[in-house]
Amino acid sequence: MAETGTGTGSGTGKGVTAGKLAINVQKRLTRAQEKVLQKLGKADETRDAAFEEMVARFNKQTAEGTKLQKDLKAYVTSVKTLHDASRRLQDCLAEMYEPEWFGKEEMDALTEEMIEKEMDNNLEDTDTLWLDYHQNITDKCVVCMDTYLTQFPDLKARIAKRDRKLVDFDSARHHFASLQKGKKKDEAKIAKPAALLEMAAPSWAQGLISAHQVAQTNLSYNQAEEDLGRAQKIFEELNVELQDELPVLWDTRVGVYVNTFQSLAGHQEKFHKDMSKLSQNLNDIMTKLEEQRQLKKDGTAAAKTEGGAKSDEANHSDSACSAPKCAVTNGSDGELPPGFLYKVKAIHDYTATDGDELELKMGDVVLVVAFDNPDEQDDGWLMGYQECQWLQKKALSAKGVFPENFTQKV
């Protein structure tokens, strides 16, 4: 009994499925037949120019949104690729940076530690900045476009359904119209029965035959009228909904584009602004390293010069009293300019831009003197004589001002 029940249930399910399949096949055949008749001009087609314009704009909007989504994702991928390349470059710089390059004993260890710390912080900040930028444009731009485009597939499916229902409505309309014409012809035939029928059948039978024909005609006519009303109702419901929704969707595109590109532009501006600061920090760090290298080089050269001077002094100690008074470092006050303070050496070239400034070449020694009027001294500027010119001419008018940061004490 259980098996019989199961088999019966299974057969019923298959019957329902087969019935639905048959109905769907019949609908497709009917639609295909209606489209062929419309293309051949044997059946009129319902057209709505305003709705067709809405569909054209919908298709245009779909294509534009899909392209923008694709290009945004490509841009995000490029940002990720550039971030990875930047990170590898920064890691390479961090690995290459070694304080020992410049001589640990001769340099200020505290300064080196500070520069190393600045380097580490700069690299970490750069990586964080890239990550934030990538995440922001993903969340605020790409996700926004993804959300915007999620409503298009459903609308596209409903537009296609509306087109199918329009074909069904046209088919039902044409079928009903043909039945109307056939009903009039049948009524005319029934009103004038054939002579053979009148002769072959008694009078009471002729009435039954006529009533049967009228009933059949009315049944087909009523069924067609119901099918037409149902097809029209389904079509009009879909048509009204789409006519309300498509213009609203079309108007939202401007706001979506504005928000997307404003957000992208804002994040780009912030990223490049912050990145420029980090790039400047990195440039300052490299400048400090170059200054350290230059200081080490000048210090080594000064040490060699001092060692050579001491050797010459030891070798000629017997004739020291007869040596000419041409070196400022011998301690004779007569060879120093009035107001002498200390010596400095130029570590960079400096081109004078005014008549009261000294022209300096890297390695020149300058004898710094006090300003005649301290109020005239500007911050960061010194007054002095070039040592070689002072020893040769001792001209008090040869003094001039120069920037302090272009020199170092010796």
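Thresholds, definitions, all that
- Residues numbered from 1 in each chain as written.
- Predicted model: local features only at pLDDT ≥ 70, side-chain atom pairs only at ≥ 80, totals over all residues.
- Heavy atoms only, no water.
- Helix = DSSP H or I, 4+ residues; strand = E, 2+ residues; numbered from the N terminus.
- Buried < 20%, exposed > 50% of the residue type's maximum accessible area, 1.4 Å probe, protein only.
- Contact = heavy atoms within 4.5 Å.
- Areas by Shrake-Rupley, 256 points an atom, 1.4 Å probe, with all protein chains shown as cover.
- 1 Å grid on protein atoms, 1.4 Å probe; cavity = no way out; pocket = protein on both sides within 12 Å on 5 of 7 lines; lining within 4 Å.
- Points joined across faces, edges and corners; volume = space filled by probe spheres on them.
- Nonpolar A, V, L, I, M, F, W, Y, C, P; charged D, E, K, R; others polar.
- Pairing = 2+ DSSP bridges.
- Salt bridge = Lys/Arg side-chain N within 4 Å of Asp/Glu carboxyl O.
- Patch = residues over 30% accessible without salt bridge, like charges linked within 9 Å, V, L, I, M, F, W, Y side chains within 5 Å.
- Lys, Arg positive; Asp, Glu negative; His and termini not counted.
- Charge placed at Lys NZ, Arg CZ, Asp CG, Glu CD.
- Expected span 1.5 Å × (residues − 1).
- Polar contact = N/O pair within 3.5 Å; in protein donor to acceptor, adjacent residues only side chain to side chain.
- Core = buried A, V, L, I, M, F, W, Y, C linked by side-chain atoms within 4.5 Å.
- Disulfide = S-S within 2.5 Å.
- Phe/Tyr/Trp six-rings, centres within 6.5 Å; stacked < 30°, edge-to-face > 60°.

Colleague: Please clarify how the overall build of the chain should be interpreted in this entry.
Modeller: Along its length, the chain carries seven helices and five strands. In the chain, the succession of helices and strands from N to C terminus is α-α-α-α-α-α-β-β-β-α-β-β. For the chain, with 410 residues in total, the buried portion stands at 28%. In the chain, once contacts between residues fewer than 6 apart in sequence are set aside, the share between residues at least 24 apart is 73%. When the accessible surface of the chain is summed, it comes to about 26900 Å², and 56% of that surface belongs to carbon and sulfur atoms.

Colleague: Whenever I open this one, the layout of surface pockets confuses me. Can you help?
Modeller: With a probe scaled to a water molecule rolled over the atoms, the places where space remains empty come into view. As a volume, the second largest pocket reaches approximately 450 Å³. Mapped by element, the contributors of at least two residues to the lining of the second largest pocket are α1 (2–40), α4 (152–191) and α6 (203–315). Residue classes in the lining of the second largest pocket are distributed as five nonpolar, four polar and five charged.

Colleague: Teacher, can you tell me more about the pairing of strand β4 (residues 400–403) here?
Modeller: Looking along a regular strand, one sees the side chains alternate between the two faces of the sheet. What you see with β4 is no split at all: G400 and F402 on one side and V401 and P403 on the other are buried throughout. By the bridge criterion, four bridges tie strand β3 (residues 381–386) to β4 in an arrangement that is antiparallel. The residue of β4 that forms the bridge with W381 is P403.

Colleague: So what exactly am I meant to see when it comes to the pattern of salt bridges here?
Modeller: Taken as a whole and assessed by the stated rule, the structure comprises 14 salt bridges. For the salt bridge of K67 with D71, the shortest nitrogen-to-oxygen distance reads 2.9 Å. Residue K67 and its partner D71 are located together in helix α2 (residues 49–96), separated by four residues, close to a single helical turn. Here K67 falls in the exposed class, since its relative accessible area comes to 53%. Judged by its relative accessible area of 38%, D71 falls in the partly exposed class. Between R162 and D163 there is a salt bridge whose closest N-O contact spans 3.6 Å.

Colleague: Quick question: what am I supposed to make of a nonpolar patch on the surface here?
Modeller: The grouping of L21, V25 and L29 at the surface amounts to a nonpolar patch, some 280 Å² of accessible area in total. Turning to its location among the elements, L21 is positioned in helix α1. Judged by its relative accessible area of 54%, L21 falls in the exposed class.

Colleague: Help me understand a positive patch on the surface, please; the structure alone is not making it clear to me.
Modeller: On the surface, R28, K35, K39, K161 and R164 cluster together into a positively charged patch. Every element with two or more residues in the positive patch is listed here: α1 and α4. Per element, the largest residue contribution to the positive patch is three residues, and it comes from α1. Tracing the chain through its elements places K35 in helix α1. Note on K35: relative accessible area 45%, which makes it partly exposed.

Colleague: Can you help me understand empty space enclosed by the protein in this one?
Modeller: Taken as a whole, this structure holds one cavity of 30 Å³ or more when the rule is applied. M54, R57, F58, Q61, L246, P247 and W250 together form the lining of the largest cavity. Contributions of two or more residues to the lining of the largest cavity are made by α2 and α6. In terms of residue count, the dominant contributor to the lining of the largest cavity is α2 (four residues). The residue inventory of the lining of the largest cavity, partitioned by class, reads five nonpolar, one polar and one charged.

Colleague: What's the story with α2 in this structure? I'm lost.
Modeller: Since the α-helix advances by 3.6 residues per turn, residues separated by three or four positions end up pointing in the same direction. Taking 1.5 Å per residue, 48 residues should reach 70 Å; α2 reaches 70 Å between its end C-alpha atoms and fits that length. Structurally, the start of α2 carries an N-cap: the backbone nitrogen of A50 is 3.3 Å from a side-chain oxygen of D48.

Colleague: Would you take a moment to explain the environment of P403 for this structure?
Modeller: Among the secondary structure elements, P403 is positioned in strand β4. For the pair P403 and E357, spaced 46 residues apart in the sequence, the C-alpha separation amounts to 9.1 Å.

Colleague: Hey, could you run me through the side chain of E387 in this one?
Modeller: Here E387 is to be found in helix α7 (residues 387–393). We classify E387 as buried; its relative accessible area is 16%. At 2.9 Å, the side chain of E387 forms a polar contact with the side chain of K343.

Colleague: What am I meant to see in the nonpolar core here?
Modeller: Taken as a class, soluble globular proteins show a tendency for nonpolar side chains to be buried jointly. Counting residues in each nonpolar core, the largest one holds 29 residues, and the members touching the most others are F58, L72, M145, Y148 and L246. Counting only elements with at least two residues in this core, the list comes to α2, α3 (109–149), α4 and α6. By size, the runner-up hydrophobic cluster in this structure holds nine residues, among which are V344, A346, L360 and V366.

Colleague: When you look at the state of the cysteines in this model, what are you seeing that I'm missing?
Modeller: Simply put, the disulfide is a covalent bond whose two ends are the sulfur atoms of two cysteines. Applying the stated criterion across every chain yields a total of zero disulfides. Of all cysteine sulfurs in the structure, the one in C144 sits closest to C141, which takes part in no disulfide; the separation is 7.5 Å.

Colleague: I tried to follow the packing of aromatic side chains on my own but got confused; where do I start?
Modeller: We describe a pair of aromatic rings using the distance from one ring centre to the other and the angle between the two ring planes. One pass over the structure, following the stated rule, counts eight aromatic pairs. Ring geometry for F58 versus F152: centroids 5.5 Å apart, planes at 25 degrees, classification stacked. You can see F58 sitting in helix α2 and its partner F152 sitting in helix α4, a full 94 residues away along the chain. Pair check on accessibility: F58 and F152 agree, each one buried. Arranged with centres 5.9 Å apart and planes meeting at 5 degrees, the rings of F169 and F235 form a pair that is stacked.

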